[in-house]
Amino acid sequence: MIELEGLTKRYGEKLAVDHLTFTVRPGVVTGFLGPNGAGKSTTMRMMLGLDRPTEGHVRIDGQRYEDLTDPLKYIGALLDAKAMHGGRSAHNHLLCLAQSNGIPASRVREVLDTVGLTSVARKKAKGFSLGMGQRLGIAGALLGDPRILMFDEPVNGLDPEGIHWIRTLMKSLASQGRTVFVSSHLMSEMALTADHLVVIGQGRLLADTTMADFIARNSRAFVRVRSPQYEQLRDALHQAGITVVEAGGGALEVDGDMAEPIGELAARHHLVLHELSPRQASLEEAFMRLTAESVEYHAHSGPAPDREWRGDLEHGKKVG
Amino acid sequence: MAASQVIRSEWTKIRSVASTVWTLSLAVVVTVALGMLISALSRHEFGDLSRSDRATFDPTFVSFAGMTLGQLAMIVFGVLVVSNEYSTGMIRTSLAAVPRRATFLFSKIGVATALALLVGMVTSFLAFFLGQVMLGPHRTSLGEPGVLRAVFGGGLYMTLIAMFSMGVAAMLRSPMLSLGILMPFFFLISNILGNVSVTKKVGQFLPDQAGSRIMQVVPRLDDDTPYGPWGGLGIMLLWVVAALVGGYAVLRRRDA
């Protein structure tokens, strides 16, 4: 379990991380989502005691990071694939990490095997592709068999097979009851892996919710309907008390799961339909809408998705 | 977290990169070879020396003549050991594994110092013995007064130069910046400041000027240095302590 309380990082005038308070719980994959520059990496570095918070604190299983005895046994992190000496072999890179935390050398071979780098264990890391570097970083995170794992943009630079591998790995780690915290700037990626979602923009918390809840709130269901008798159809829907939005291209949109009543209504009025399709707004759109609000010079691009969040969003706007 | 674990880890780090081997072997080879060359030349030229120069001829010090160049390799070793962590990004991985920054820094410096001391002593004794061989009839021996102290001191001098560089690198973080300051300083600037009469009063307290006093056995004629061999090494040690304290202060305070 990771607890953040009022975590703040200020660089001069700029607030990179602004009073973040949330908890990352065990047993699920928690996605940490935000556009580039939202403060995700800064937050993660503060969680690992690398950067000093201006205010607030982080607790790892109730302890400060600096106070952990052999921290790699509590929390393993992949920050960026290049955080290693390129002249050192994969095996020696992991060995020096293992020794610093009293982890037996046999564990190095195990994690190399887990990430599939056994055959290049004696090769220098500078010859590795981005994907291999990423795997070596993940091996380092797994080294101490920690209860908490943290990955910063782990699928960056991975090929489709590698992406599939890391998704499966994260899910299996969470199913073993571990705390898994993973950042991304892609909603589509989170939708596939995360059970819980923490969204930030400009360093502020925008949402802290379960993935299912986020989908339910944001994936607006609507029906798209087209007819050569456009005006008659629109009037008929109006008369039936159904709110219609003109979607352009000769199409009408009706909120909600309304395909059946609309079809029946059209039949009653003897109207020809060329299209009657139930649709869902994409999560990516919902995420963009949510975070666009926190970007200072961004044009207003539609109503905020939820009143509860709007309060946060308006706060976010004040931030320089 | 036991310091012994971190020391083992730092030993693995230092022995698993190529720069350790090439900087330290360069320090040995350059110091010894150049010392031998200058010793051989001195033997050849001895007949042309003035009477006063013959009186103050210091065969021990002559055999250490390669150290002006060899110490540069020690500086590169000291700088790279520390600043490699920053230039590669390894520092974030290292500090996540060892969040106690004093334990991290002083284990690293401790391991590198032990290695520098070993190599420094080997270099100093080799430079002395092979230099004396080259000097032929003008040679001295370890049994003469002050000679053992000078040879032992030569090893300590090289170790302290490496430690000073580690401290500076911990403050500056960038290998290029650290080398760009330390190399010209120790190769040129310090020598000028320590030998030009106007600046000598201050220049003689610079780390290498003070520290190298320990390698002299025969004092110069007009020697008015206000410190002796061990006093000079003590001054150098103070510089080293200051650099290490500064390096730790920077590491403790700043974000990784």
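The structure displayed is predicted, hence computed values, not measured ones. (Residues numbered from 1 in each chain as written. Chains lettered and ligands numbered in written order. Predicted model: local features only at pLDDT ≥ 70, side-chain atom pairs only at ≥ 80, totals over all residues.)

Counting its secondary structure elements, chain B contains twelve helices and zero strands. When its helices and strands are written in sequence order, chain B yields α-α-α-α-α-α-α-α-α-α-α-α. Its C-alpha atoms give chain B a radius of gyration of 19 Å, within 12% of the compact-globule value 18 Å for 256 residues. With the principal axes as the frame, chain B shows a C-alpha extent of 65 × 35 × 30 Å. Looking at the 256 residues of chain B, the share that counts as buried comes to 48%. Within chain B, contacts between residues separated by at least 24 positions form 83% of all contacts whose residues are at least 6 apart in sequence. (Helix = DSSP H or I, 4+ residues; strand = E, 2+ residues; numbered from the N terminus. Rg over C-alpha atoms; globule rule 2.2 N^0.38 Å. Buried ≥ 20, exposed ≤ 12 C-beta atoms within 10 Å, placed from the backbone. Contact = placed C-beta atoms within 7 Å.)

Turning our attention to the UniProt feature "transmembrane region" (unreviewed entry) in chain B. All names here are of chain B. Per the UniProt entry, the sites bearing "transmembrane region" (unreviewed entry) are residues 21-41, 61-83, 104-130, 150-172, 179-198 and 230-251 in this numbering. Split by type, residues 104-130 is 100% helix and 0% strand. Its first and last C-alpha atoms lie 39 Å apart. Between the first and last C-alpha atoms of residues 230-251 the distance is 31 Å; the span itself is 100% helix and 0% strand. (UniProt positions renumbered as here; feature names shortened; annotations may be inferred.)

This next bit is on the pairing of strand β11 (residues 245-248) of chain A. All names here are of chain A. Note: β11 against strand β12 (residues 251-255), three bridges, orientation antiparallel. By the bridge assignment, valine 245 is partnered in β12 with glutamate 253. From the end of β11 to the start of β12, which pair antiparallel, there are two residues, and glycine 249 there has a positive phi angle of about 65°. (Pairing = 2+ DSSP bridges.)

Under the domain assignment, chain A is made up of domain 1 (2-216) and domain 2 (221-280). Inter-centroid distance (C-alpha atoms) of domain 1 of chain A to domain 2 of chain A is 47 Å. (Domains from an automatic or database assignment.)

Residues and elements named next belong to chain A. Within the open sheet, the three strands sit side by side as β2-β1-β4. Their pairing is antiparallel. Edge positions in the sheet fall to β2 (14-24) and β4 (55-60), since each has one partner strand and no second. Strand-to-strand twist in this sheet, taken as the mean axis angle between neighbours without regard to direction, amounts to 20°. Note that strand β1 (residues 2-11) and β4 share five bridges and pair antiparallel. Within β4, the residue paired with glutamate 3 across the bridge is arginine 59. Across the sheet, helix α1 (residues 40-47) is in contact with β1, β2 and β4; its angle to β1 comes to roughly 120°. (Axes fitted to C-alpha atoms, helices over the stretch in contact; angles between N-to-C directions.)

Before going further, it helps to examine helix α7 (residues 211-218) of chain A. Structurally, the α-helix is built with 3.6 residues per turn, so residues lying three or four positions apart point the same way. All names here are of chain A. Of the positions making up α7, those classed as buried are Met211, Phe214 and Asn218. An end-on view of α7 places all buried positions within 60° of arc, on one side of the element. Of the exposed residues in α7, the ones pointing more than 90 degrees away from its buried face are Ala212, Asp213 and Ala216. Of the surrounding elements, those touching the buried residues of α7 are β8 (196-201), β9 (204-210) and α10 (283-292). (Arc of directions from axis to C-beta.)

Now for the UniProt feature "domain: ABC transporter" (unreviewed entry) in chain A. As recorded in UniProt, the sites labelled "domain: ABC transporter" (unreviewed entry) are residues 2-227 of chain A. With 32% helix and 29% strand, the stretch residues 2-227 of chain A has end C-alpha atoms that lie 54 Å from each other.

What follows is about the sheet that holds strand β10 (residues 221-226) of chain A. Remark on secondary structure: sheet strands pair via backbone hydrogen bonds, oriented parallel or antiparallel. Residue and element names in this part refer to chain A. Spatially, β11-β12-β10-β13 is the arrangement adopted by the four strands of the open sheet, whose pairing is antiparallel. Of all the strands in the sheet, the pair left with one neighbour each is β11 and β13 (275-280). Ignoring which end each strand starts from, the neighbouring axes of this sheet average 30° apart.

A few words on the nonpolar core. Core analysis: the biggest nonpolar cluster contains 143 residues, and A:Leu94, A:Ala139 and B:Phe77 have the highest contact counts within it. Residues in contact with B:Phe77, not counting those within four places in the same chain, are B:Thr23, B:Leu24, B:Ala27, B:Ala116 and B:Ala162. A:Val225, A:Leu233, A:Leu237 and A:Ile262 belong to the second largest nonpolar core, which has eight residues in total. (Core = buried A, V, L, I, M, F, W, Y, C linked by C-beta atoms within 7 Å.)

It is worth spelling out the interface of chain B and chain A at this point. As a measure of interface size, the accessible area lost when the parts come together is often cited. Contact with chain B, which involves 24 residues of that partner, is made by 31 residues of chain A. Taken together, the elements giving at least two residues each to the side of chain B that touches chain A come down to α1 (3-15), α5 (67-88) and α6 (90-97) of chain B. Tallied by class, residues from the side of chain B that touches chain A come to eleven nonpolar, eight polar and five charged. (Nonpolar A, V, L, I, M, F, W, Y, C, P; charged D, E, K, R; others polar.)

Turning our attention to helix α3 (residues 106-114) of chain A. All names here are of chain A. All of the buried residues in α3 are Val108, Val111 and Leu112. All buried residues of α3 lie within an arc of 105° about the axis, which places them on one face of the element. α3 presents Ser106 and Asp113 as exposed residues on the side facing more than 90 degrees away from its buried surface. Where the residues of α3 are buried, they touch α2 (90-100) and α4 (130-142). A positive backbone phi angle near 75° is found at glycine 116, which sits one or two residues after α3.

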